[in-house]
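One-letter residues, chain by chain:
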Amino acid sequence: MPDTKPRVLLVTDLAYQARGRRYCDEDIRLSAGLREDFDLALCHPLDAAALMDAFDVVLIRNSGPVLNYRAEYEAFRSRALDRGTRVYNQLTGRADMAGKQYLLGLSAAGYPVIPTVDRAEDLARLPVVPEYVVKPKLGADSIGLRTVPREQLGSVTYDEDVLVQPLIRFVYEVSFYFVDDAFQYALHAPDPEQRWRLERYEPTAADLEFAHRFIAWNTVEHGIQRVDACRTPEGDLLLVELEDLNPYLSLDLVDEATRDRFTAALRASLLKLAATRP
């Protein structure tokens with residue numbers, strides 16, 4: 001009898017246009033690296049709910065900002081939870097998957113994050129700086145983000161949809177990439193004005209301890225996560241965001257050996273998930 005491979009539905013929007021990145025290339029190459037171990041098909045996120053019952057695992061990759069199809073995403077999520085569908089990343093993520101309000105809780109709990117508030121009466125908790133960032137809690141890919149001078153903070157409408165943070169004049173941004181709770185590689189943007197002009201970064205033990213702290217907080221057992229941080233002029237790292245839904249991986253910027261190790265780690269994680277009971 002022929003071997004039966006697990007069936008994986010890779011959810012991706014190959015036509016999504018991202019600034020400075022080609023999402024489609026990454027998912028095409030990643031899917032090619034997974035075909036040896038899986039019967040794999042690609043679909044648009046709007047088709048996932050209708051197709052997922054025929055597959056063992058639904059792998060969400062570069063599916064684009066879900067705020068562009070929020071109702072359809074919530075319907076997919078509800079159907080998957082009701083049916084016990086194996087979804088990768090698992091749908092219990094506490095970070096960007098649920099909106100950026102987690103930054104409020106982490107900030108209040110003393111985690112090393114950019115100070116964050118969502119009420120006018122809490123502005124005094126923020127450092128006094130010339131400018132502040134106002135971002136939607138359900139934002140993604142910098143959609144809806146704006147910079148506001150301090151003297152204009154009073155004009156911001158403080159409702160349950162926005163967050164306010166000081167504009168940090170950081171030295172650089174750095175991203176740490178994980179499969180499940182295992183670190184894979186890190187990239188950084190030496191020029192703060194060129195977020196996606198990334199180079200390889202060799203993290204220190206302290207850097208990895210910083211990143212692992214947020215991975216542990218999120219308790220995602222199966223999934224790809226990207227910890228984005230900024231380096232302050234004082235040398236500290238502060239969390240910018242924890243992407244736990246469909247993080248772009250910049251796999252074209254790492255060497256072949258790193259790419260192969262990442263793909264092998266993802267393959268092993270998917271095989272383990274496919275072997276579990278739904």
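As a reminder, the structure under discussion sits directly above these lines.
Residues numbered from 1 in each chain as written. Predicted model: local features only at pLDDT ≥ 70, side-chain atom pairs only at ≥ 80, totals over all residues. Heavy atoms only, no water.

Caption draft 1: Here's a closer look at the packing of aromatic side chains. Counted according to the given criterion, the structure contains 12 aromatic pairs. Centroid distance Phe176 to Tyr201: 6.5 Å. Interplanar angle 85°. Geometry classified as edge-to-face. Note that Phe176 is positioned in strand S8 (residues 172–179) and Tyr201 in the loop between strand S10 (199–200) and helix H5 (205–218), a separation of 25 residues in sequence. Residue classification places Phe176 among the buried positions, given a relative accessible area of 0%. By relative accessible area, Tyr201 is classed as buried at 11%. Chaining the aromatic ring pairs together yields one cluster made of Tyr16, Tyr23, Trp196 and Tyr248. Above the ring of Trp196, the side-chain terminus of Arg195 is found at 4.4 Å from the ring centroid. (Phe/Tyr/Trp six-rings, centres within 6.5 Å; stacked < 30°, edge-to-face > 60°. Helix = DSSP H or I, 4+ residues; strand = E, 2+ residues; numbered from the N terminus. Buried < 20%, exposed > 50% of the residue type's maximum accessible area, 1.4 Å probe, protein only. Lys NZ or Arg CZ within 6 Å of the ring centre and 35° of its normal.)

Caption draft 2: Geometry of the sheet that holds strand S7 (residues 162–166). Here three strands make up an open sheet; going across it, the order is S6-S5-S7 and the pairing antiparallel. Edge positions in the sheet fall to strand S6 (146–149) and S7, since each of these pairs with one other strand and no more. Strand-to-strand twist in this sheet, taken as the mean axis angle between neighbours without regard to direction, amounts to 30°. Both strand S5 (residues 131–136) and S6 contribute to a ladder of four bridges, which runs antiparallel. Among the inter-strand pairings, Val134 is bridged to a residue of S6, identified as Arg146. (Pairing = 2+ DSSP bridges. Axes fitted to C-alpha atoms, helices over the stretch in contact; angles between N-to-C directions.)

Caption draft 3: Looking closely at the pattern of salt bridges. Throughout the structure, instances matching the rule amount to 20 salt bridges. Residue Glu26 pairs with Arg61 through a salt bridge whose shortest N-O separation is 3.5 Å. Placement of Glu26 in helix H1 (residues 23–34) and of Arg61 in the loop between strand S3 (57–60) and helix H3 (70–83) is noted, with a sequence separation of 35 residues between them. Of the charged contacts, one joins Asp122 and Arg125 as a salt bridge, the two residues approaching to 3.6 Å between their closest N and O atoms. Through salt bridges with shared partners, one network takes in Asp96, Lys100, Glu173, Arg195, Arg226, Asp228 and Glu241. (Salt bridge = Lys/Arg side-chain N within 4 Å of Asp/Glu carboxyl O.)

Caption draft 4: Broad picture of the side chain of Glu26. For Glu26, a relative accessible area of 5% puts it in the buried group. A polar contact is formed between the side chain of Glu26 and the side chain of Asn62, at a distance of 3.3 Å. Setting aside its immediate chain neighbours within four residues, Glu26 contacts Arg61, Asn62, Tyr248, Leu249, Ser250 and Leu251. (Polar contact = N/O pair within 3.5 Å; in protein donor to acceptor, adjacent residues only side chain to side chain. Contact = heavy atoms within 4.5 Å.)

Caption draft 5: Main features of the nonpolar core. Counting 24 residues, the largest nonpolar core has Leu34, Tyr88, Tyr185, Phe262, Leu266 and Leu270 as its most contacted members. Considering each element in turn, this core owes the most residues, five residues, to helix H6 (residues 256–274). Among all residues touching Phe262, those that are not within four sequence positions of it are Leu30, Val179, Gln184, Tyr185, Ile224, Leu249 and Leu251. (Core = buried A, V, L, I, M, F, W, Y, C linked by side-chain atoms within 4.5 Å.)

Caption draft 6: Geometry of the pairing of S5. Sheet topology places S5 next to S7; five bridges connect them, and they run antiparallel. By the bridge assignment for S7, Val133 is matched with Gln165.

Caption draft 7: Layout of the environment of Ser107. Summarising the element assignment, Ser107 is placed in helix H4 (residues 102–108). By relative accessible area, which is 23% here, Ser107 ends up partly exposed. A C-alpha to C-alpha distance of 31 Å links Ser107 and Leu251, two positions 144 residues apart in sequence. Not counting chain neighbours up to four residues away, the residues in contact with Ser107 comprise Val113, Ile114, Pro115 and Thr116.

Caption draft 8: Layout of the state of the cysteines. A complete count under the given rule lists zero disulfides for this structure. Note on Cys24: no disulfide assigned, nearest cysteine sulfur contributed by Cys43 at a separation of 16 Å. (Disulfide = S-S within 2.5 Å.)

Caption draft 9: Spotlight on the sheet that holds S10. If you walk across this open sheet you meet the five strands as S10-S9-S8-S11-S12, and the pairing is antiparallel. Strands at the two margins of the open sheet, each flanked by one partner only, are S10 and strand S12 (237–243). The sheet contact formed by strand S11 (residues 224–231) and S12 spans six bridges and is antiparallel. Bridged to Asp228 within S12 is Glu241. In this fold H5 packs onto S8, strand S9 (182–189), S11 and S12, with an angle of close to 40° to the strand it touches most, S12.

Caption draft 10: Geometry of unusual backbone geometry. Look at the link from Tyr88 to Asn89: it is a cis peptide, with omega at 10°. Mapped onto the elements, Asn89 comes out in the loop between strand S4 (87–88) and H4. Even without being glycine, Thr219 reaches a positive phi, approximately 55°. Counting through the fold element by element, Thr219 comes out in the loop between H5 and S11. Positive phi is not limited to glycine here, since Ser250 has a value of about 50°. If you trace the backbone, Ser250 turns up in the loop between S12 and H6. Exposure remark for Ser250: the relative accessible area of 2% places this residue in the buried category.

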